[in-house]
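Breakdown of the fold
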Amino acid sequence: MAKPNLQIALDHSDLPSALKDVKNVGDIVDILEVGTILVLQEGDQAIKCVRAMYPEKTIVADTKCADAGTTVAGNVAKAGADWMTVICAATIPTMKAAAKEVKDLQVELYGDWTYDQAQEWLDAGIDQAIYHQSRDALFAGETWGEKDLTKVKKLIDMGFRVSVTGGLDVDTLKLFEGIPVYTFITGRGITAAENPAKAAQAFQDELIRLWGE
């Protein structure tokens, strides 16, 4: 079973803070995400700066796009993003349009999505899904549990490459042992640490311990 990727989410409100953190951990993590808040605050400049710093890394623009797929995806791709996120409520035409502009598209799972919808995404050629607990849910006291693992396994069995995110720390990873998760995404689990580089390496070390090289 392949080791899952480690993705850093740059969920910052300003570009200098984001660039400081990505400089500390960019060589350790596998995927760099320009987070939703950062995209809204700083626009494509954030993507351009991260791309200039790490020309060989996979960069995700976490736009959570709901409409205007061609325009949004075209803009982030031009800025240097490889992948882009769309919200699960987006229409199939929006997703298909976005998918033509970027190397890969990820569907963000929020709210009351269904497995029938998920099959439609697969049928449209979109096989990346992001399963997570939202920041608001975590603040409300929700934690990862069997209900989440069951959904993640089902999506993988359907054929998705599933990324997992939402309040992850190193100890959370063992809950997913034996499940072929594609990517674990964390923001504050690394950036809020006293030593972000050490925290990022701890995540990678635990992924290797649980899944192998």
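Before reading on, note that the structure itself is shown above.
None of these values were measured; they are calculated from a predicted model.

This brings us to the pairing of strand 6 (residues 128-132). Strand residues, when the strand is regular, have side chains that alternate between the two faces of the sheet. A large share of strand 6 lies buried, amounting to five of its five residues. Side chains Gln128, Ile130 and His132 project from strand 6 onto one buried face, and the interleaved Ala129 and Tyr131 project onto a second face that is buried too. Where strand 5 (residues 104-109) lies against strand 6, four bridges are found, and the strand directions are parallel. Bridged to Glu108 within strand 6 is Ile130. Once you follow strand 5 into helix 6 (residues 115-123) and on to strand 6, the crossover reads as right-handed. The sheet contact formed by strand 6 and strand 7 (residues 161-165) spans five bridges and is parallel.

Moving on to the pattern of salt bridges. Counted according to the given criterion, the structure contains 10 salt bridges. Linking Lys3 and Asp30 is a salt bridge whose minimum nitrogen-to-oxygen distance equals 3.5 Å. One end of the pair, Lys3, is in the segment before strand 1 (5-10); the other, Asp30, is in the loop between helix 1 (15-25) and strand 2 (31-34), and 27 residues separate them in sequence. Here Arg161 and Asp127 are joined by a salt bridge, their closest N and O atoms 2.7 Å apart. Placement of Arg161 in strand 7 and of Asp127 in the loop between helix 6 and strand 6 is noted, with a sequence separation of 34 residues between them. Given the relative accessible area of 25%, Asp127 is considered partly exposed. The structure contains a network of salt bridges with shared partners spanning Arg51, Asp82 and Lys103.

What follows deals with the packing of aromatic side chains. Counting across every chain of the model gives seven aromatic pairs. Considering the side-chain rings of Tyr131 and Trp144, the 6.0 Å spacing of their centres and the 50° angle between planes classify their relative orientation as tilted. Of this pair, Tyr131 sits in strand 6 while Trp144 sits in the loop between helix 7 (135-139) and helix 8 (146-158); the two residues are 13 residues apart in sequence, bridging distant segments of the chain. The burial state of Tyr131 is the same as that of Trp144; both residues are buried. Arranged with centres 5.5 Å apart and planes meeting at 55°, the rings of Phe184 and Trp211 form a pair that is tilted. With Phe184 in strand 8 (residues 183-186) and Trp211 in helix 10 (residues 196-211), the pair connects residues that are 27 residues apart, well separated along the chain. For Phe184, a relative accessible area of 1% puts it in the buried group. An aromatic cluster of at least three residues, connected via ring pairs, comprises Tyr131, Trp144, Phe176, Phe184 and Trp211. Lying over the aromatic face of Tyr115, Lys154 brings its terminal NZ or CZ to 5.5 Å of the ring centre. The ring of Tyr182 carries the charged tip of Arg161 above its face, separated from the ring centre by 5.1 Å.

What counts and what doesn't
Residues numbered from 1 in each chain as written. Predicted model: local features only at pLDDT ≥ 70, side-chain atom pairs only at ≥ 80, totals over all residues. Heavy atoms only, no water. Buried < 20%, exposed > 50% of the residue type's maximum accessible area, 1.4 Å probe, protein only. Helix = DSSP H or I, 4+ residues; strand = E, 2+ residues; numbered from the N terminus. Pairing = 2+ DSSP bridges. Right-handed = clockwise from strand over helix to strand, strands pointing away. Salt bridge = Lys/Arg side-chain N within 4 Å of Asp/Glu carboxyl O. Phe/Tyr/Trp six-rings, centres within 6.5 Å; stacked < 30°, edge-to-face > 60°. Lys NZ or Arg CZ within 6 Å of the ring centre and 35° of its normal.

Just distances and angles here, no functional claims.
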